[in-house]
Amino acid sequence: MVNDVSFSPDGNCVASASYDKTIMVWTLPSRWDNTSNQQVGVAVWPGHFRGLQSVKFSPSGDQLVSSSNDYTVCIWDSDVITTIPMTKETETSEVFFQLQYHVNAVSLFVFSPDNGILASASRDGVICLWDGNNGAFKRSLLRIEDGERLPPHQGKIISLAFSSDSATLVSASYDRTVRIWETSSGKLKRTLEGHDDWVRCAAISPNGQYVASGSDDCTVRLCDISASVDDVTLDHHTDYVCSVAFSDKYLASGGDDKLICIWDLATMWDNVNKNKPKRILNLHKGFVRDLVFKPDGKHLVSSAKDGKIRLWNTQTWECDWVIDGLQETLRLQILPDHPDDLVTQFGTWSLSQLCQRPKPGELTSFPAPLAEKFPPPPSWSPFGLSRDGCWITWKNKNLIFLPQQYHDDDGAPTARIFLGRKVAIGCYKGQVLMFGMKENIDTALECSVQV
C-alpha cells in the first residue's frame, strides 16, 4: 500500500512511500509523449524497518525526507538516490542523516569520559547519541539483520558503558546480548552472546581490551575483544549479577547474593585459577547494585540496597569508609579529573564530606548524613535532583520545577545525570531534556534562589 507521493520541485522525479518499507523514486522523461513514456524506477531499501507514512522533497530538491512507523525520520541525498540502479546493492545506499528519538521511557544516561557524547537508552531497546556540549542530536544506533535496520536491542537496555577514549560504547540488554559500538560512526562492531538469561550490566576495561557482563543466569562473562580466545565464564555467584567494574588489575562483580567477587585479570585464562575469585567481600546486608573503582585503582566503591556505600581498600580489601542513610541505591561514577567526588543520579557529592573511617577493630558507619538531606555538592558540579524528584537543584536549593509529565509513576524522572554544569533528564514518554548552565549563573542565584 502506497501511503504518500511527492514531486521534486523541478518536476523531473516523483517519490512514493509504501507500507512495504521501501521508497521508490521515479525519474520522469524530459517530455511526456506516446514515444517516451517509460519511467525509470529506483528502489531505496535501507533506513526504515517498518512501513513508511510520508515522503517529501526539500524545496531545493537536494534532499528527500521520509517518516515511518519505526519512529524515525530519514533525510536522504536525492542526487545519490536517483542514480542508484534498482538492484540488491541498493541495500547499502547511504542515508544522508537519520533522526530517531526515544518514544518510550528513557531509562539510562551516561556521559563519555571526554564529555563530548551523552548516550541515552530507552525501555524499547533504542540508543541515542547526543552532543555532550550543546545537547544536539548526533545519531541513533542501528543494527542490520537480513537487510533490515533494527534497534540496537530487542529488550530493555539496562547498562551503557564507554571506553576510556570515548571511541567505544558497550550496551547490555534483557535480550541476553552485549553489543559493542563505534561511537564516531554508530556502527555495530561486535555482538557478545552466551548468557542464558537477562544481561543486567556490562563494562569495558580501562585499556579497552576486555568486556565483562553480568546476568540473571548468575554468571559473569569475560571477553578479550583484542584476541581470538574463548570467553571465560565466572560462576561463583549464586544469584543475579547486577554490576561489574574494572580497574587496571581487577574485575569486580556484585549482585543479589550480597557478595562482591574480586577477580584477578592476570589469571582469567589460567585453567587452574580462572574460576576462583581473588577475594570475596561480604559486608553488605542488601543486594549489591553498583560498583566503581577510583581512577588510581586504590579503592573500590560499592552501593547496595542496605542503604550503604562502602569504600574498599584494594591493597588489603578491608572496608575503609562507610556512607549510610541512603533511601535508594545509587548509580555510581567517578571521573578521572575529580577522583574524590562521587557522581550519582541525585548529583555530585564529595567523598571527604560523606565518609568516616571505622574505628580500629570495628565497623562504624557515618551517622546517617543522607537520611534527611544531601551533602553540599562540590563547586565544579553544583546541580542535582531533589529527593522527591520534582526539582533540579542548585547547591541543594530548588531551582527548576519538573512538571508531572516528566515523571514516571514513582514521581521521579526515569533517568537523570548531572555532570559539572550539564543536566540531562530522561522522561517517561521518551523526551530528553538537556540543560547547560552558564558559568556566571552562581552569582545571580546566590541572591535569588530560595530553599
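Shown above is the structure to which this text applies.
Calculation rules
- Residues numbered from 1 in each chain as written.
- Predicted model: local features only at pLDDT ≥ 70, side-chain atom pairs only at ≥ 80, totals over all residues.
- Heavy atoms only, no water.
- Helix = DSSP H or I, 4+ residues; strand = E, 2+ residues; numbered from the N terminus.
- Contact = heavy atoms within 4.5 Å.
- Areas by Shrake-Rupley, 256 points an atom, 1.4 Å probe, with all protein chains shown as cover.
- Buried < 20%, exposed > 50% of the residue type's maximum accessible area, 1.4 Å probe, protein only.
- Pairing = 2+ DSSP bridges.
- Axes fitted to C-alpha atoms, helices over the stretch in contact; angles between N-to-C directions.
- Core = buried A, V, L, I, M, F, W, Y, C linked by side-chain atoms within 4.5 Å.
- Phe/Tyr/Trp six-rings, centres within 6.5 Å; stacked < 30°, edge-to-face > 60°.
- Lys NZ or Arg CZ within 6 Å of the ring centre and 35° of its normal.
- 1 Å grid on protein atoms, 1.4 Å probe; cavity = no way out; pocket = protein on both sides within 12 Å on 5 of 7 lines; lining within 4 Å.
- Points joined across faces, edges and corners; volume = space filled by probe spheres on them.
- Nonpolar A, V, L, I, M, F, W, Y, C, P; charged D, E, K, R; others polar.
- Disulfide = S-S within 2.5 Å.
- Polar contact = N/O pair within 3.5 Å; in protein donor to acceptor, adjacent residues only side chain to side chain.

Draft legend 1. Region of interest: the overall build of the protein chain. Looking only at helices and strands, one finds three helices and 39 strands in the protein chain. Long-range contacts, defined here as pairs at least 24 residues apart, represent 45% of the contacts in the protein chain between residues at least 6 apart. Carbon and sulfur atoms form 48% of the exposed surface of the protein chain, whose accessible area is close to 20,700 Å².

Draft legend 2. Quick peek at the pairing of strand 25 (residues 260-264). Burial of strand 25 is extensive: four of the five residues sit out of reach of the surface. In the sheet, strand 24 (residues 250-255) pairs with strand 25 via five bridges, with the strands oriented antiparallel. Paired with Ser-253 across the bridge in strand 25 is Cys-261. Joining the antiparallel neighbours strand 24 and strand 25 is a turn of four residues, in which Lys-258 adopts a positive phi near 70°. Relative to strand 26 (residues 279-281), strand 25 is paired through three bridges, and the arrangement is antiparallel. Looking at the pairing, Ile-262 lines up with Arg-279 of strand 26.

Draft legend 3. Region of the structure containing the sheet that holds strand 21 (residues 220-224). If you walk across this open sheet you meet the four strands as 19-20-21-22, and the pairing is antiparallel. What marks the edges here is a single partner per strand, and that holds for strand 19 (199-204) and strand 22 (232-234). Strand-to-strand twist of the sheet, defined as the mean angle between neighbouring strand axes without regard to direction, takes the value 20°. Note: strand 21 against strand 22, three bridges, orientation antiparallel.

Draft legend 4. Up close: the nonpolar core. Val-301, Ile-309, Leu-332, Leu-342, Val-423 and Ile-425 are the most contacted members of the largest nonpolar core, which totals 23 residues. Among the secondary structure elements, those contributing two or more residues to this core are strand 29 (309-313), strand 34 (383-385), strand 35 (391-394) and strand 38 (422-426). Within the second largest apolar cluster, 16 residues are counted, among which are Ala-212, Leu-222, Leu-234 and Cys-261.

Draft legend 5. Summary view of the sheet that holds strand 11 (residues 127-131). The four strands lie next to each other as 9-10-11-12, forming an open sheet whose pairing is antiparallel. Both outer strands of the open sheet, strand 9 (106-111) and strand 12 (137-140), are each paired with one neighbouring strand and no more. This sheet shows a mean twist of 20° between the axes of neighbouring strands, independent of strand direction.

Draft legend 6. Representation of the packing of aromatic side chains in the model. The full count for this structure, using the stated rule, is four aromatic pairs. One cation-aromatic arrangement involves Arg-416 over Phe-346; the distance from NZ or CZ to the ring centre is 5.0 Å.

Draft legend 7. A look at empty space enclosed by the protein. One pass over the structure, following the stated rule, counts three cavities of 30 Å³ or more. Taken as a whole, the largest cavity encloses approximately 60 Å³ of empty space. Lining the largest cavity, in full, are Val-178, Leu-192, Glu-193, His-195, Val-211, Ala-212, Ser-213, Arg-221, Leu-222, Cys-223 and Asp-231. Contributions of two or more residues to the lining of the largest cavity are made by strand 20 (210-215) and strand 21. For the lining of the largest cavity, a count of residues per class yields six nonpolar, two polar and three charged.

Draft legend 8. Representation of unusual backbone geometry. Backbone geometry at Cys-218 places phi at a positive 70°, although glycine is not the residue there. Take Cys-218: it is sitting in the loop between strand 20 and strand 21. With a phi angle near 50°, Lys-395 is a residue other than glycine that sits in the positive phi range. Assignment of secondary structure puts Lys-395 in the loop between strand 35 and strand 36 (397-401).

Draft legend 9. Spatial organisation of the state of the cysteines. Enumeration over the complete set of coordinates arrives at zero disulfides. Of all cysteine sulfurs in the structure, the one in Cys-201 sits closest to Cys-242, which takes part in no disulfide; the separation is 6.8 Å.

Draft legend 10. Representation of the side chain of Ser-215 in the model. Looking at the element boundaries, Ser-215 is found in strand 20. Classification of Ser-215 by relative accessible area gives buried; the value is 0%. Within the local environment of Ser-215, its side chain forms a polar contact with the backbone nitrogen of Asp-217, the two atoms lying 3.0 Å apart. Apart from residues no more than four positions distant in its own chain, Ser-215 is found in contact with His-195, Asp-197, Trp-198, Val-199, Arg-200, Tyr-240 and Val-241.

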